[in-house]
Each structure stands twice: as structure tokens, then as C-alpha cells.
Amino acid sequence: MYTNCHTYYSLRYGVLSVLQLLELAKKNAVEQLALTDINSTSACLEFIRGATKENIKPIVGADIRNGNTRCYVCLAKNNHGYLEINQFLTQHLHSHKEFPEIPPSFSDVITIIPFEKVLEFELETFAPNWYIGISVTELNKLKFSHLKSHTDKLVLLQPVTFCNQVHVNIHRLLRCIDLNIVLSKLPEAEQGATKDKMYSLKELDSLFEGFEHILSNTQAILNTCTIDFKFDEKRENQNQATYLENAEADYNRLIALVEERIESRYKTVDSKITERIEKELNAIRQMDFVSYFLINYDIVQYAVKNDYPYIGRGSGANSVVAYVLGITNVDPIELDLYFERFINLYRSSPPDFDIDFSWKDRDDVTRYIFERFPNTALMGTYVTFQYRAVIRELGKVFGLPKAEIDDFIKGDKQNKKNDHYFKLVLKYSKLIHGFPNYLSVHSGGIVITKNPVQAYCATFMPPKGFQTLQIDMHIAEAVGIFKFDILAQRGLSKIKDAIELIKENQPNATIKNIDDTAPFKNDPAINDLLKVGDCMGVFYVESPAMRTLMTRLQTQDYLGLVAASSIIRPGVTNGGMKNTYIERHRFPEKRTEAHPVLMEIMSDTYGVMVYQEDVLKVAHYFAGLSLAEADVLRRGMSGKGRSKEQFDALEKKFYENCKAKGYTPKVIEEVWDQIKAFAGYAFAKGHSASYAVESYQSLYLKKYFPLEFMTAVLNNGGGFYNIDTYINEIFRCGGIVESPCINNSDHGNCIKGKTVYLGFGMTKNLEHRSVQKILNERQMFGFFKDFNDFLDRCKLGLEQLLLLIRLNAFRSLEPNKHKLMWFAHLSHHSIKNKELQPQLFKAKRVDYNLPTLKSEQIIDAYDNLELLGFTLHDDFRFIKPGEYSISNARDLKDFVNKQITILGKLVTSKTTKTSKGDYMAFSTFLDREGKCFDTVQFPKVMAKYPLAGIGVYWIKGTVSEDLGYYAITTTQIVKVPRLPDPRFAEEQKTQKSVSS
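How each quantity is defined
Residues numbered from 1 in each chain as written. Predicted model: local features only at pLDDT ≥ 70, side-chain atom pairs only at ≥ 80, totals over all residues. Heavy atoms only, no water. Helix = DSSP H or I, 4+ residues; strand = E, 2+ residues; numbered from the N terminus. Buried < 20%, exposed > 50% of the residue type's maximum accessible area, 1.4 Å probe, protein only. Phe/Tyr/Trp six-rings, centres within 6.5 Å; stacked < 30°, edge-to-face > 60°. Lys NZ or Arg CZ within 6 Å of the ring centre and 35° of its normal. Contact = heavy atoms within 4.5 Å. Pairing = 2+ DSSP bridges. Axes fitted to C-alpha atoms, helices over the stretch in contact; angles between N-to-C directions. Parallel < 35°, antiparallel > 145°, perpendicular 65-115°, else oblique. Left-handed = near helix turned anticlockwise from the far one by under 90°. Nonpolar A, V, L, I, M, F, W, Y, C, P; charged D, E, K, R; others polar. Expected span 1.5 Å × (residues − 1). Arc of directions from axis to C-beta.

(A) Quick look at the environment of Phe587. Residue position: Phe587 is located in the loop between helix 25 (578-586) and helix 26 (596-601). Overall, the relative accessible area of 31% leaves Phe587 in the partly exposed class. Taking the C-alpha atoms as reference, Phe587 lies 38 Å from Asp724; in sequence the two are 137 residues apart.

Okay, here's the thing in C-alpha cells:
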């Protein structure tokens, strides 16, 4: 009966979830209703799915508005009408144009024009599918209007937005947030009416007495509307059905590709490999995933042709076919990876290929996909209102001062002056928390569908220019749309850039084939880096947590790194298996503690579950479930199970089978609890192996070409640590790092011999056009001969020129930057000449006689700190003099269980909560030799000695040792002041004497 219902997907307007709207309909005995969110079809599929379950007939469409002015409501008569509405919305959302006041001609869409709009535009004739909408409040006006004579065109257009006054209040607050105004300034025209609610059918009959034809007309048009989508177990695959002209051609193409490429992957193709490939091909064909493989193959082939590095990971790495096609670089035969983790008959969704590209290349790969396949869009996602953000927004709506809002968020809830308003803020923040706030783009999901993407929802156009769905991945998967994950990371571009830098800087150097990682995995020198955690800049293994883990494990081979990449995940830790694995790895005698059956099943991980595949192994071999059933169990525990009933049945079967095998109830319960704690957070083994392959590629470059590799790391924005830490690593590897140089630097960082010249792009406040002027001039006419030559050729403003001088960028022309400072000011009149035409004769410059000016390293350090963010000097030399410890990181092993004092430069610190709710911190420092060491600050120490940002700290504590890993449990930690900037020393003395 209702043709204009809103949910909270009418962003910053609606307040009802889809579930609440359906419950409201059931409460009022409404058997059919239309969801028409404002300029959006985001909730339509979810509404159809939910309404069908509740035996309510769903009708979908959109409330078309310009701002908050309603133009008309569109209802889809069928799936084609839904497509028309979505295409109409898409056209205007992409172009950011207002919607036409008069509706366009649709073929399968019912258009309801509000009563007031019909009067405003003096409409007298109506298209066959046009109707006049009458709300409850407009009924009295109709009685006195000539429009009442259009008896066959009058229908109910009663907005349903609220249930009660609280909803009205929430709505008004949302409108204020949307308009960025205080509550008292909210215009009536920008909000809905309090009567925009659902009446019972009995109330409608009473209200429309004498106008019963309006209700019967409404019933009639709703009866003509039918929308058909299948969900969950009944869903149909909506992805592009075939890659070539038909399914048979696709399958023949897949077989041909495997036969063509197999020998490039396996030197000896034995029966084990051929049987596995045959098994996989049959499953791929039976599950109708052939086109999915071929599309992924097409994408990676584009990358290969353009020399774009990529990594194929996810459960797709469990497929030999994917390995042979080159979609992944992980050999499932070598690692004994189960294909059932990837594809099985219980799984209706396509296999999971995550393909990482360089952050520099992904946009071009995305562009190719959009041009190559006709029905393509990015996956959407909704950013929801988070609690703290809502508090801040509502504080602004109530006109509260920012300082008071900040204090309230920090925990000061005793604000007496505005206590009433803060109580309202708290009340409504809890109600709004979790509402969708705005549409965004999924981190890497791309959909390629068999029908136009607007068959499922409207799309919007984000800044990068790729159309994006108005739905998220959860409802997309429920209806049968499965995304391709095209992701971006910086690790791959570090590898590619490092190789280019090596070719430029060491043209005679021999660089091994980076894709052939077998020699790297067997290189003791590379494995030694893992063993001691010397992995700064290396993808995935450089963090303090990984460095700690690898040291404790004494990781020194590929399989060890694959295990470490998975052990670091919370699932292994939460299940209490992390330490168990480390102990059994380091001390073989501990392996006897494993359950004999588990030890036999998982001998490579000493009877400990480390990978997602281990869940399959245990469920299959320990509990006797089939591999396909075991994967359903795993997916159910990770929150991806499609059927609770199916999962419960498998859980029951797990217990029954284990009992029948003679296991004690205690052992069964322990194994089940481990699976439960583990399954949702662990990596697939193939996923970990994919990461490990990339790590080994980076490790090879770091070991044999450390300076070029670290320069590439800098050029890709660093990694886990700040830029200063990577510069320290260059120094530690025997390199020299210099600030930007007018004749040697480019926009990015470059390396010449062993010297890394920082790029002009690293300098704060140096304008891009200034950098371009310098580089263009140098490229066209050669190096600058002296400072006057630079002034004549590059017409920079004084401010930009002084930035370069403070960086000592002209040191190759004049080593004394203070002299250049004076000269720049004195010569500024010549710099002001901004004529673009070249001068025939250069004006002769006055050669000023300046007194001898003294320069100090500490001045350079302070200038670098301000302009670059780090000093480029030994920070330990610039702290206030004192009697400091001479201990370094290498001495920690001599102080186990003893007290030590040490100076350290803070690199990073991670704060975490204890079980009691107190805060503690794990921090990493560099010693005076540039080596890392770690500290732990427990709550009492952290409360007494909080860290005060980047700098040098004096640290006192006790050294602990855990399987070769050393850390300091601090008892005292104090930041050491820097020496003052001598340029301001006199000013500070003057201020001090005046104040005294």
C-alpha cells in the first residue's frame, strides 16, 4: 500500500534500517510496500531479500529529489523498470546535474508526481504510467482542487520515514549534520514532516473515506509491480558468464593454456601433477568457474605485457592451474596445498584471487579492465557513523565549544555548564552510531557482470573516474555478484624501482631474475637476515612484531618464513598456539607433547594449527569429515558460512565422529576450541607463501644492493617506520645521505655511487612549480655554474629561494649558506624581474663584500628538521651534555636479568590495553650505532614517564631474554632535551633577562 518508504540509506535523512521497516510493515499488517530511498537504490536488494523472507511483496524504486525538494517517485514494474531507474539515477549522479522537474518517459516505470508539483506545473495531461500522489496531509486540499476529477490517476503517496518522536529528533540532527548547521538554524524545508509515518490499513480506510478509489488505485499499481532476484542458496552467478563466445570455447582455451605453459612451471611433469590438474579442471568446469580463471589470466597478462609486477595470493594460490597460468607464483605441489580450500562442491562462490599490483600501476590495470569488459564497476562500501565522530558532530549541532567537545571525548563528562546538552549528545550518539554516513569505494573490489551493472543498483562516480556500485560486497555476494580483488601495495614498486636504480647506478652489475626465487630461498646470506630480523624496508617482515617473531623462531628458510607470516596473525595467538609452535620449533623434545594424531596430520608444523588448511586437515583426518565439509566448517567459523543449520550439523558430526574414533571428551573439546579460536583469523598457507615470495625478492635486493633498495623504499613512501629510520638504514649500510642539491637532486630521491641525494619533493613548502622550473632549466641548459647563474636562469620568489638556501642546496656552488642568505636578500631586486622572455644581455650583478660568516652543523640540523622532518645528522651529538651510558643494543645480551641504562632514538611505539583496561606500550629505539632495540613500558611506568614524541631518550630498565630475543622492561624513560638553536640563543637570553 505504501509507495514512498525511506531507510537510513536515504543518507543523513532516513532513520529506519531495512529490518525495522519490514517489522513496521508486519506490525501494521501491510503485505506489500515500496522502498524508495532518496536518489539511491542502495538498500533495494537487501529489502527484496528481507521482504521475501517475511512474506511481504517488495516493490523498489527511488524518491527523486533535488536537494530536499521532491520531484517524483519512481517504482519499477519489473527488472527492466529497475534497470531504467538505476540508469536514470546513474546518469545524473555521474554528471552531478539536477534531475528534471518533469519525469522522463520510461517504458516499465510507474512515476508518481506529488500533488503539489502537479499544481505547480499545472499538469492536465498524464502519460499512461504517470500518477498523482496524495499524502494524508494533502487529502483536505484535494477536496477543493480540480484534480479530484482525475479519479483514475490519484494514488497514495504517503512518506514513511519515522515511527515516533525519537526518530523525528534523530532525523533533524542528521539533517543538521548534513547541512553543517546548528539545530536552531534548521529550515522547515530541509526536514521531513512529523506525519511522515505508517498508518495501519484500518486507519487509512478511515482517513480516505469518500476517496476509496485512491487506495484501490494504489493497490492496483502495486499489483502490477514484480521484481525478481534470487539470494543466498538460490542465487545465480551474476558474473560475466563466458570469456569467449561460449562455455565450450572457454574450456578448450583453458586446457590449451595449461598445456602450453605447464613445462615453464614444472621441469618434470609426473603423474601427481597431471592427476591434480585433471582433478582441478573438472571441478572448475563443473562449478562453472572457467571464465573466472580466464578473466584473471587476461588481467595478469596485461600486467606482464606492460612490465607491471604483481602478486597473486588468497586461496587462489592453492590451485595448480592458477600456478601454471601465472596468476600466482606459489607451487601448491611443493607446499602440499589443498585444492578444496579453493574450490569444492559445497562452495557456490567463485574462488578467491587477490592480485596485488604496484600502487603506481593499479589505476592503469583498473582502466584496462573497464575498457576490456563491458559491464564493469568498482565495488561500493558504506562508511558508517562511528561513536566518537558522532559525538563531535552532534556537539557542533548543539553549538557546543570545540574545547568542551574535545574534553568530553577524552572522558571529562562532568561539564556542569552544558551538562544538559552533553546528555543529549550522549543519548543520540548511541542511537546514530552505526548508521551509514556516506558511500565510498571498496579497497580493491571490481565487479564484471553478465548484465549491465545498473541491473543491480545505481552507480556513482568517485574522483578517480570509475563508476562504483551503490551496494557493498555482502549483499552483492548474496545476489551472486562476486568481486575481482585488484589491490595495490608499495612493496612491489620498491622491487621494480630498486632494479631500475641498480641498472642506472651500477650498469655492469648482474641482477638475478627476480621472478626465479629458488636461489634466494637457498641463499644462506639472505636467510641470515631473517634469522636476526635484519629486514628494514622488506615487505611484510619489517615490523617490530615480525622482527621479534623471526628472532625467536630463528627463521632461516622459506618454509619458516611462510609459517612466520601466518603465526603473526591473531588466530594463532588467540588459540594459544603461537608460543607452542615456537617452543616445538626450537626444542624438538617438546614435539612429543603434541597429540599423536595431530602430530601425524600436521608434522610440518609440529601438530600445531598454523594455516587455514590445518582446519581442513584436522576436520578431515582427525574428525573424519570430507575435505569439502571441512571447508564449510572453516568458512562458518570465519563468519562466512552460508547456512547456520549446515554448520550446526557439521559441528554435531565432528563430535560424533571424534567420539566414535575413541578420543576423550577433553581432547575433543580442546581441539574444537583451538579450531574455533583459530579459523577466523588465520592465513591460508598459499596466502602466506605468496607474501613470503615477495619478501624473498626484497631480501635479495636488500642483501646485495642495499643502497639502491633503500632509495627505492624512500621513493615509495617508506613503510612501517618513519622516513628518518630508513635514512638511518642507508647510513648503516655504508651509504651517504645528502639533503637536496641544486645540481644533483631530482624531484624524487636518486643515488649516485654510494651517495643518496634526497629529492626536492621531500622538502616541506617547496612548491611543485619551483621544482619544475629548476629541473626543466637544468635539463635544457645544463648544470648551474654559480649562484648568480641560478638567479639569472630560475626566477624564484625570495621565500622559495630561502628554503633552498636553508637546505644548503647550493653547497656545490657556495658552501656557506649564511653568505647566500645575505646575498639573496641584497640581490632580491634582480629576482623580482619575472619577465618570461629571455634576456639578450644579462645585467651585471654587484659583488658585495660580506664579513666572514660562521656556519654550524647544529644550525643545519635544525633547518633540516623543520624543512625535511629529520636532521640528517647524528641526533645523539645534539643532545644536552650529560653523563650518559655508553651501552648499545649489542650489549643487551650481557645484561640479561640485570639493570641497564641506554640512550635510544624513538622509532615507533604501539600502545595497547591490558586486561584491566590500563595502557602499556611496546616501543622500538635506535642506539648510537643505528641498531634497533625494543622496550616494554608497563602501565605504572607509562603513566609516570609518558613518551613525548620523536627524539632521544634516556632509558633505564631490566633486560629480559626470550629464545634469543632481548628487550628492556623499563623502570624509567626520559626524553633528553636537544641543544638549543644558536640563532635564537641570544633572543632567549634577552627574553630571560627582561622577565627577571
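Once the structure has been displayed, the description carries forward.
(B) Structural detail: the packing of aromatic side chains. One pass over the full model with this rule turns up 37 aromatic pairs. Arranged with centres 5.0 Å apart and planes meeting at 70°, the rings of Phe784 and Phe790 form a pair that is edge-to-face. Here Phe784 matches Phe790 in class, with each residue buried. Ring pairing ties together the aromatic residues Phe784, Phe787, Phe790, Phe810 and Phe823, which thus form one cluster. Taking the ring centre of Tyr558 as reference, the NZ or CZ of Lys521 above it sits at 3.8 Å.

(C) Inspection of the environment of Gln857 at higher detail. You can see Gln857 is positioned in helix 39 (residues 857-867). Its relative accessible area of 40% is what places Gln857 among the partly exposed residues. The sequence separation of Gln857 and Val896 amounts to 39 residues, and the corresponding C-alpha distance is 38 Å. Discounting chain neighbours no more than four positions away, the residues touching Gln857 are His873, Arg877 and Phe878.

(D) Layout of the side chain of Thr90. Looking at the element boundaries, Thr90 is found in helix 3 (residues 79-95). Look at Thr90 and you get buried, because its relative accessible area is 7%. Excluding residues that lie within four positions of it along the chain, Thr90 makes contacts with Gln454, Ala458 and Thr459.

(E) Up close: the environment of Leu35. By the secondary structure assignment, Leu35 is in strand 2 (residues 32-38). Classification of Leu35 by relative accessible area gives buried; the value is 0%. Counting along the chain gives 23 residues from Leu35 to Pro58, while the straight-line C-alpha distance between them is 7.6 Å.

(F) Quick peek at the sheet that holds strand 23 (residues 965-975). Taken together, the 5 strands give a closed barrel; going around it, the order is 19-20-21-23-22, and neighbouring strands pair in mixed fashion. On average, each strand axis in the sheet is inclined to that of its neighbour by 50°, with strand direction left out of account. Bridge count for strand 22 (residues 952-962) against strand 23 is 10 bridges, and the pairing is antiparallel. The residue bridging Gly957 from the neighbouring strand is Thr970, located in strand 23.

(G) Molecular detail of the packing of helix 19 (residues 491-505) against helix 31 (residues 685-704). One way to put it is that helix 19 packs onto helix 31 with a least axis distance of 10 Å and a crossing angle of 30°. Viewed along their axes, helix 19 and helix 31 adopt a mutual orientation that is roughly parallel. Crossing angle aside, the handedness with which helix 19 passes helix 31 is left-handed. Residue-level contacts link Gly491, Leu492, Ile495, Ala498, Ile499 and Ile502 of helix 19 to Glu694, Gln697, Ser698 and Leu701 of helix 31. Along the lines of polarity and charge, the residues of the contact of helix 19 with helix 31 split into 6 nonpolar, 3 polar and 1 charged.

(H) Spatial organisation of helix 34 (residues 768-781). The end-to-end C-alpha separation of helix 34 is 20 Å, in line with the 20 Å expected for 14 residues at 1.5 Å each. Residues of helix 34 that are buried: Ser770, Val771, Ile774, Leu775, Glu777 and Arg778. For helix 34, the angular spread of the buried residues around the axis is 160°, confining them to a single face. Residues His768, Arg769, Gln779 and Met780 are exposed on helix 34 and point more than 90 degrees away from its buried face. Contacts made by the buried residues of helix 34 are with helix 35 (787-793) and helix 36 (798-806). One or two positions beyond helix 34, positive phi appears at Gly782, with a value near 90°.

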